[in-house]
Amino acid sequence: ACCGYGGPPLNFDSRVDCGVTKTVDGSTVTANPCDDTSEYVNWDGIHYTEAANRFVSQQVLSGNFSDPPPTVSFVAAADKSKLF
């Protein structure tokens, strides 16, 4: 997770929310956000990052994960400012 505590492989511990400092197993820890969110799929162990949402929406609109694929008119009519 981009904003988390716990180290590899997931950097997530459900006991420490993003931005919070707590005592865990006798140590004071803080779940700090990462410097570059584009390198992460998950923000806080629950929510996707903007980069992940962008990738998923591009895949859906391209037809890679849609059956049947969206029509050209559907994609052209989409308000892209809200999608990307």
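- For the chain, an unreviewed UniProt entry supplies the name GDSL esterase/lipase and the organism Linum tenue.
- What UniProt states about the chain under its Sequence similarities (unreviewed entry) heading is, verbatim, "Belongs to the 'GDSL' lipolytic enzyme family."

**Examining the overall build of the chain**
Part 1 of the argument: In terms of helices and strands, the chain carries 3 helices and 2 strands.
Part 2 of the argument: In sequence order, the secondary structure elements of the chain are arranged as β-β-α-α-α.
Part 3 of the argument: Across the 84 residues of the chain, 24% fall into the buried class.
Part 4 of the argument: Across the chain, every contact between residues at least 6 apart in sequence was considered, and the portion connecting residues at least 24 apart equals 35%.
Part 5 of the argument: Just so you have it, the chain exposes about 6,100 Å², and 55% of that area is on carbon and sulfur atoms.

**What about the side chain of Thr49?**
Part 1 of the argument: Note that Thr49 resides in the loop between β2 (27-30) and α1 (50-62).
Part 2 of the argument: Those residues in contact with Thr49 that lie beyond four places of it in its chain are Thr37, Tyr40, Val41, Asn42 and Trp43.

The rules behind the values
Residues numbered from 1 in each chain as written. Predicted model: local features only at pLDDT ≥ 70, side-chain atom pairs only at ≥ 80, totals over all residues. Heavy atoms only, no water. UniProt positions renumbered as here; feature names shortened; annotations may be inferred. Helix = DSSP H or I, 4+ residues; strand = E, 2+ residues; numbered from the N terminus. Buried < 20%, exposed > 50% of the residue type's maximum accessible area, 1.4 Å probe, protein only. Contact = heavy atoms within 4.5 Å. Areas by Shrake-Rupley, 256 points an atom, 1.4 Å probe, with all protein chains shown as cover.

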